[in-house]
Amino acid sequence: MPRRVAVTSPRTAAARRPRYPATREIDEQTHLGEVYMRSLLRTQFRLAMFVCTVLGCVVGGLPLLFLLIPRLREVELVGVPLPWAVLAALIYPAFVAGAWLYVRQAERNERHFADLVERQ
(Lines give C-alpha, C1' and ligand atoms only; values in the text may rest on other atoms or scores of the structure.)
Protein backbone atom coordinates (compact mmCIF):
# COMPACT_ATOMS: atom_id res chain seq x y z
CA MET A 1 0.00 0.00 0.00
CA PRO A 2 1.52 3.35 -1.03
CA ARG A 3 2.07 5.85 1.69
CA ARG A 4 0.15 9.14 1.43
CA VAL A 5 2.12 12.34 1.43
CA ALA A 6 0.64 15.72 2.29
CA VAL A 7 1.96 18.50 0.11
CA THR A 8 1.91 21.91 1.74
CA SER A 9 3.12 25.32 0.76
CA PRO A 10 5.06 27.64 3.03
CA ARG A 11 2.46 30.29 2.18
CA THR A 12 -0.61 29.32 4.11
CA ALA A 13 -2.82 32.06 2.72
CA ALA A 14 -2.68 33.81 -0.60
CA ALA A 15 -2.26 37.55 -0.48
CA ARG A 16 -5.61 39.19 -0.95
CA ARG A 17 -6.40 42.71 -1.84
CA PRO A 18 -7.80 44.37 1.29
CA ARG A 19 -11.51 44.98 0.89
CA TYR A 20 -12.69 48.25 2.30
CA PRO A 21 -16.32 48.69 3.28
CA ALA A 22 -18.21 51.34 1.35
CA THR A 23 -18.63 53.39 4.52
CA ARG A 24 -14.86 53.68 4.75
CA GLU A 25 -14.75 54.79 1.11
CA ILE A 26 -17.24 57.53 1.92
CA ASP A 27 -15.48 58.57 5.13
CA GLU A 28 -12.10 58.78 3.44
CA GLN A 29 -13.65 60.66 0.51
CA THR A 30 -12.18 58.37 -2.13
CA HIS A 31 -13.36 58.44 -5.73
CA LEU A 32 -15.77 55.58 -5.08
CA GLY A 33 -17.08 57.33 -1.96
CA GLU A 34 -17.70 60.46 -4.02
CA VAL A 35 -19.66 58.39 -6.55
CA TYR A 36 -21.85 57.01 -3.76
CA MET A 37 -22.49 60.47 -2.30
CA ARG A 38 -23.18 62.02 -5.70
CA SER A 39 -25.73 59.31 -6.32
CA LEU A 40 -27.53 60.04 -3.04
CA LEU A 41 -27.44 63.81 -3.59
CA ARG A 42 -28.74 63.44 -7.15
CA THR A 43 -31.64 61.29 -5.93
CA GLN A 44 -32.51 63.74 -3.17
CA PHE A 45 -32.28 66.69 -5.59
CA ARG A 46 -34.64 65.02 -8.08
CA LEU A 47 -37.12 64.41 -5.27
CA ALA A 48 -36.90 68.04 -4.12
CA MET A 49 -37.39 69.33 -7.66
CA PHE A 50 -40.42 67.07 -8.15
CA VAL A 51 -42.12 68.24 -4.94
CA CYS A 52 -41.35 71.90 -5.67
CA THR A 53 -42.63 71.56 -9.23
CA VAL A 54 -45.91 69.98 -8.14
CA LEU A 55 -46.50 72.60 -5.44
CA GLY A 56 -45.46 75.38 -7.83
CA CYS A 57 -47.93 74.16 -10.44
CA VAL A 58 -50.72 74.04 -7.87
CA VAL A 59 -49.97 77.50 -6.48
CA GLY A 60 -49.29 78.99 -9.91
CA GLY A 61 -52.28 77.25 -11.46
CA LEU A 62 -54.84 78.67 -9.05
CA PRO A 63 -54.57 82.29 -10.23
CA LEU A 64 -54.65 81.03 -13.80
CA LEU A 65 -57.77 78.99 -13.02
CA PHE A 66 -59.51 82.00 -11.50
CA LEU A 67 -58.42 84.16 -14.44
CA LEU A 68 -59.70 81.71 -17.06
CA ILE A 69 -62.99 80.98 -15.29
CA PRO A 70 -64.24 84.36 -13.95
CA ARG A 71 -67.39 82.82 -12.45
CA LEU A 72 -65.25 81.09 -9.84
CA ARG A 73 -64.19 84.51 -8.50
CA GLU A 74 -67.82 85.31 -7.75
CA VAL A 75 -68.54 82.11 -5.82
CA GLU A 76 -68.62 82.49 -2.04
CA LEU A 77 -68.15 79.88 0.67
CA VAL A 78 -69.60 80.93 4.03
CA GLY A 79 -69.41 84.57 2.98
CA VAL A 80 -65.76 84.32 1.84
CA PRO A 81 -64.83 84.61 -1.86
CA LEU A 82 -63.68 81.26 -3.28
CA PRO A 83 -60.12 82.43 -4.17
CA TRP A 84 -59.55 83.52 -0.56
CA ALA A 85 -61.10 80.34 0.81
CA VAL A 86 -58.85 78.23 -1.40
CA LEU A 87 -55.79 80.20 -0.30
CA ALA A 88 -56.75 79.98 3.37
CA ALA A 89 -58.01 76.41 3.50
CA LEU A 90 -56.29 74.43 0.74
CA ILE A 91 -52.86 75.86 0.02
CA TYR A 92 -51.38 75.42 3.49
CA PRO A 93 -52.55 71.81 3.84
CA ALA A 94 -51.08 71.19 0.37
CA PHE A 95 -47.74 72.56 1.56
CA VAL A 96 -47.88 70.41 4.70
CA ALA A 97 -48.74 67.33 2.63
CA GLY A 98 -45.93 68.09 0.20
CA ALA A 99 -43.46 68.50 3.04
CA TRP A 100 -44.63 65.27 4.66
CA LEU A 101 -44.28 63.37 1.37
CA TYR A 102 -40.84 64.87 0.79
CA VAL A 103 -39.57 63.84 4.22
CA ARG A 104 -41.04 60.36 3.86
CA GLN A 105 -39.47 59.81 0.43
CA ALA A 106 -36.14 61.37 1.47
CA GLU A 107 -35.92 58.99 4.42
CA ARG A 108 -36.77 56.08 2.11
CA ASN A 109 -33.98 57.17 -0.26
CA GLU A 110 -31.55 57.31 2.65
CA ARG A 111 -32.59 53.82 3.81
CA HIS A 112 -32.01 52.45 0.30
CA PHE A 113 -28.63 54.18 0.21
CA ALA A 114 -27.66 52.73 3.60
CA ASP A 115 -28.71 49.25 2.43
CA LEU A 116 -26.63 49.66 -0.71
CA VAL A 117 -23.59 50.80 1.26
CA GLU A 118 -23.91 47.99 3.82
CA ARG A 119 -24.18 45.32 1.10
CA GLN A 120 -20.92 46.38 -0.53
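Before any of the text, the structure's been laid out above.
Here the structure is a predicted model, which is why all the values come from computation and not from measurement.

Student: I'm lost on the overall build of the protein in this one. Help?
Tutor: The helix and strand tally for the protein stands at 4 helices and 2 strands. Each helix (α) and strand (β) of the protein, taken in turn from the N terminus, gives the series α-α-α-β-β-α. Counting every position in the protein, which comprises 120 residues, the buried fraction comes to 18%. For the protein, restricting intrachain contacts to residue pairs at least 6 apart in sequence, the fraction spanning at least 24 positions comes to 62%. Of the roughly 10,200 Å² of accessible surface on the protein, 63% is carried by carbon and sulfur atoms.

Student: Looking at this structure, I do not really get unusual backbone geometry. What am I missing?
Tutor: Only a minority of non-glycine residues have a phi that is not negative, and only a minority of peptide bonds are not trans. Phi is positive for Val 78, which is not a glycine, with a value near 55°. By the element assignment, Val 78 lies in the loop between strand 1 (76-77) and strand 2 (80-81).

Student: Explanation requested: helix 2 (residues 31-68) in the structure shown.
Tutor: Structural remark: α-helix, 3.6 residues per turn; residues separated by three or four positions point the same way. A rise of 1.5 Å per residue sets the reference length of helix 2, with its 38 residues, at 56 Å; its end C-alpha atoms lie 53 Å apart and thus fit the reference within 8%. Along its length, helix 2 reaches its greatest deviation from straightness, about 30°, at Gly 61, and the proline Pro 63 lies no more than four positions downstream. Buried within helix 2 we find Gly 33, Tyr 36, Leu 40, Gln 44, Leu 47, Val 51, Leu 55, Leu 62 and Phe 66.

Student: Can you help me understand a nonpolar patch on the surface in this one?
Tutor: Residues Phe 50, Val 54, Val 58, Val 59, Tyr 92 and Phe 95 make up a contiguous nonpolar surface patch of roughly 560 Å² in combined accessible area. Mapped onto the nonpolar patch, the elements with two or more residues apiece are helix 2 and helix 4 (82-119). With 4 residues, the single largest contributor to the nonpolar patch is helix 2. Position of Phe 50 among the secondary structure elements: in helix 2.

Student: Would you mind going over the nonpolar core with me for this structure?
Tutor: In summary, soluble globular proteins display a tendency toward joint burial of nonpolar side chains. If you look at the biggest cluster of nonpolar residues, it comprises 5 residues: Leu 62, Phe 66, Leu 82, Val 86 and Ile 91. Of all the secondary-structure elements, those providing two or more residues to this core are helix 2 and helix 4. With 3 residues, the top contributor of residues to this core is helix 4.

Student: Explain helix 4 here, please?
Tutor: Here helix 4 is 38 residues long and its end C-alpha atoms lie 54 Å apart, about the 56 Å a rise of 1.5 Å per residue gives. If you look at helix 4, its biggest bend is around 30°, right at Leu 90, and the proline Pro 93 turns up within four residues after that. Of the positions making up helix 4, those classed as buried are Leu 82, Pro 83, Ala 85, Val 86, Ile 91, Gly 98, Ala 106, Asn 109, Phe 113 and Val 117.

How each quantity is defined
- Residues numbered from 1 in each chain as written.
- Predicted model: local features only at pLDDT ≥ 70, side-chain atom pairs only at ≥ 80, totals over all residues.
- Heavy atoms only, no water.
- Helix = DSSP H or I, 4+ residues; strand = E, 2+ residues; numbered from the N terminus.
- Buried < 20%, exposed > 50% of the residue type's maximum accessible area, 1.4 Å probe, protein only.
- Contact = heavy atoms within 4.5 Å.
- Areas by Shrake-Rupley, 256 points an atom, 1.4 Å probe, with all protein chains shown as cover.
- Expected span 1.5 Å × (residues − 1).
- Bend = angle between axes of the 7 residues up to and from the residue.
- Patch = residues over 30% accessible without salt bridge, like charges linked within 9 Å, V, L, I, M, F, W, Y side chains within 5 Å.
- Salt bridge = Lys/Arg side-chain N within 4 Å of Asp/Glu carboxyl O.
- Core = buried A, V, L, I, M, F, W, Y, C linked by side-chain atoms within 4.5 Å.

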